[in-house]
Amino acid sequence: MSKISANTLNDPQTQAVQAIEGPVLIIAGAGSGKTRVITFRIAHMLEKGIPQSAILALTFTNKAAKEMETRVKHLTRRKLQNLTVSTFHSFGLNIIRNEAELLGYRKNFSIYDETDKITLIKESLRECRMNFHKVDLFELSQQFSKIKTGLAQWSNDSSGMQAVYDEYQHALKIYNAVDFDDLLTMPLELLEKHGEMAQKYRQKYRYIMVDEFQDTSLIQYRLMKILTDGSCANVCVVGDDDQSIYSWRGANYENILLFEKDFPGRLEIKLEQNYRSTTTILDAANKVISHNTGRKVKKLWSGKGGGKPIELFYPENETDEANFIASRIKNLIIMEDCKYHDFGALTRTNSLARNIEEAFLAENIPYRVSGGTSFFQRKEIKDIISYMRLIANQNDDVSLLRIINTPRRGIGKTTIASLNEMARKNRISVWDSISRMNFERSRGQQGLFGDQRTMTELEEFTAFIESFRTLMLEKQSEQGKPWKLSSCARTLVDNIDYWGYLVSEHGKDEKKARWKFSNIEYFIRMIENWESDPDNYDSGLYPWLNRISLITRDDGEDDNEGKVNLSTIHAAKGLEFPVVFIAGAEKGLIPHERSASGEENENDNEAGNIEEERRLFYVAITRAREKLIITSCKKRRHMQNTADCSPSPFLEEIPKELIRYHEKESEEIDEDTADKFMEQLKSIIKK
DNA sequence: GGGTAAGCAGTTTTT
DNA sequence: CTGCTTACCC
């Protein structure tokens, strides 16, 4: 890869790489070598003598950031200690960390993910004497996000939710915690309020790049803009309006228009040559996306030519579908010499991956799921993380309440309810109310609880957390051994006897307990790996917590080798595979029913939602290099009952002549295949 | 006051 | 099927 020299770039690509000064807008169609252009551009800057510390590259996902960094590293063969390549969120986190006091936070603040957020919203509803069964928590959480990021305002009939929001915000402050939205809004507020601080950042980052620009939200745009120095700043944004698929998260591809307005002197470059897909696949993609309105004009073309027809299959049900995919993979491996990592199986939702997973397991097909319930969301992991969080930040009530009785230590709901009551009344955290209680008792006052045992349990609990606070934060090496977070964590797990807890919880199911415990061991090994990473110069408790708060997927090592990639379409963005399966191309899934019927979305009209779904389908198609295989079930089991399905309306937008229909229920192995298979088998046996 | 068993509702995509 | 809440029992 590092062998590629600049003259392998085409004209617009070269232009994009060389245009370092001034604002640049790059419209990069799918598969047009966008990542390469960005990496070369950064490498070019470094060659010109621009210091690493002056460059800021903002991406959308951790995966993209990591990928970009390694690519630049390979290309330049330099150490990149001072180059900032990060997601908007972790960039924001850094600013907050540096300026915590200004925001009224202590620097050990916790970061609440979506689950923590929902828990806290529940608490807030309870505090406002509202029944959370009548409220869609998920929806309310999104509403809060919209309010916080300025995408929505309270209307008069907000049915008391404004009070809940205020309560929620207040609680965050007391707990010394921030949510994901705060990671963007707080830095923006800071920089807007403190001109000299903004100036400081502007002087530092003189060259800014934004990847996946179509997926930036208004807040992110404003954050980028305040970091740039006027309309002739050295800022380069790269995006493709046709691949904007995150509007539900506040992304707005019209930011491209904003950019054009704010930087009138920009250089605009279009990358339209597709290096990825065959003409067949590209034709299909182009036809589909042409049904959208208000696109930027662009004509993607491919020099690859021809290609095999797109395969379309209508399985009876989801089991059939999964078996078909599995057998098709086996077949292609034998017939066309494909490797497992040549395949990507894409679904609209995470849950759809389940069936396919089962088929892969049954057929012994190695696979890797990206997406799905994140490793860090698993209960056993969240429990341990909650301990660590509470140790770092004792006011973190969400974490405290999660683990105060896990494993069981005889602190029940009545106790917790009274603690909560006391905390709310005094506007302090639960931890502080326990301390206050202890204090009052020590002065001979009547405690809240008559029960001496409960008091003792509470005292033991706080003493336990305190002892680990000392252990984990004061980095003394014990007996000459270097201090290590991982070994502290191991001690923690031992001391709370989490293993005993797992066994008692899963009485009959020891396998499950074992599996969960192995997850914890894996978690600790992750800490170890991180500690021994030479690029990591601060391996303390806070940095670790900050780090994992921003990672959702376990994008550990790149051991994709020899594995089929099973993922959602969203998670597949930026990836490419020789062979792509799109499973569940059915009405109601693609486009998804919840976006098709634009109920509560006042802002975006229905067409906008349909168009986004079409873009999603477009993204899925354009992941494929050689072969595209689409399946659409006739029937599908949804929750308990099976329902009839019809094909996705988008399928009709693919020209018929590009499609080949599968008749048979599953690809039967013909004699040729069987022979070849036997040959392979023999050669394997010989080894 | 705390733990357990039956009963019930249910996830679009991600930082 | 699963995970979570509630109601009930110790």
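As the structure is a prediction and not an experimental result, all values here were calculated from the model.

1. Points about helix 21 (residues 498-505)
Argument step 1. Every buried residue belonging to helix 21 is among Tyr 498, Tyr 501 and Leu 502, and all of these are buried. Within helix 21, the buried residues cover an arc of 100° as seen down the axis, which keeps them to one side.
Argument step 2. Buried residues along helix 21 sit against helix 15 (379-392), helix 20 (485-495) and helix 22 (510-532).

2. So, the nonpolar core
Nonpolar side chains in soluble globular proteins generally cluster together in the buried interior.
Argument step 1. Judged by nonpolar contacts, the single largest core of 63 residues is most densely connected at Leu 125, Leu 191, Met 224 and Phe 259.
Argument step 2. Of the residues forming this core, the biggest block, eight residues, is contributed by helix 7 (residues 161-175).
Argument step 3. The residues contacting Phe 259, other than those within four sequence positions of it, are Pro 23, Val 24, Leu 25, Phe 213, Tyr 221, Met 224, Val 235, Val 237 and Arg 266.
Argument step 4. Ranked by size, the runner-up nonpolar core spans 51 residues in total, among them Ala 423, Cys 488, Ile 520 and Ile 548.

3. With respect to the packing of aromatic side chains
Argument step 1. Tallied over the full model, the rule gives 21 aromatic pairs.
Argument step 2. Chaining the aromatic ring pairs together yields one cluster made of Phe 144, Trp 154, Tyr 165 and Tyr 168.

4. Here's the deal with helix 10 (residues 218-227)
Argument step 1. Taken across its ten residues, helix 10 has seven buried, putting it largely inside the fold.
Argument step 2. Among all positions in helix 10, only Ile 219, Gln 220, Tyr 221, Leu 223, Met 224, Ile 226 and Leu 227 are buried.

5. Side note on the confidence of the model for chain A
Argument step 1. Averaged over all residues, the pLDDT of chain A is 85; the fraction at 70 or higher stands at 89%.
Argument step 2. Long-range and interchain partners of residues 598-605, a stretch whose pLDDT sits below 50, account for eight contacts in this model, where long-range means more than four residues apart.

Definitions and cut-offs
- Each chain has its residues counted from 1, following the order in which its sequence is written.
- A letter from A marks each chain and a number from 1 marks each ligand, given out in the order of writing.
- With pLDDT at 70 or above as the cut-off, local features in this predicted model cover only qualifying residues; side-chain atom pairs require 80 or more to be listed or tallied, and sums for whole chains, interfaces and linings still use all residues.
- No hydrogens and no water enter the side-chain calculation; it runs on all heavy atoms of the structure.
- Any residue under 20% of the maximum accessible area for its type is buried, any over 50% is exposed, and the rest in between are partly exposed; the area is computed with a 1.4 Å probe on protein chains only.
- Counting from the N terminus, the helices are the DSSP runs of H or I reaching at least four residues and the strands are the DSSP runs of E reaching at least two.
- Arc definition: it is the arc formed by the directions from the helix axis to the C-beta atoms.
- Here, residues are in contact when the closest pair of their heavy atoms is within 4.5 Å.
- Throughout, nonpolar core names a set of buried Ala, Val, Leu, Ile, Met, Phe, Trp, Tyr and Cys residues whose side chains join them through atoms within 4.5 Å.
- Aromatic rings from Phe, Tyr and Trp, taking only the six-membered ring of Trp, are treated as a pair when their centres fall within 6.5 Å; an angle between ring planes under 30 degrees marks them as stacked, one over 60 as edge-to-face, and anything in between as tilted.
- Each residue carries a pLDDT score, the predictor's confidence in it, ranging from 0 to 100.

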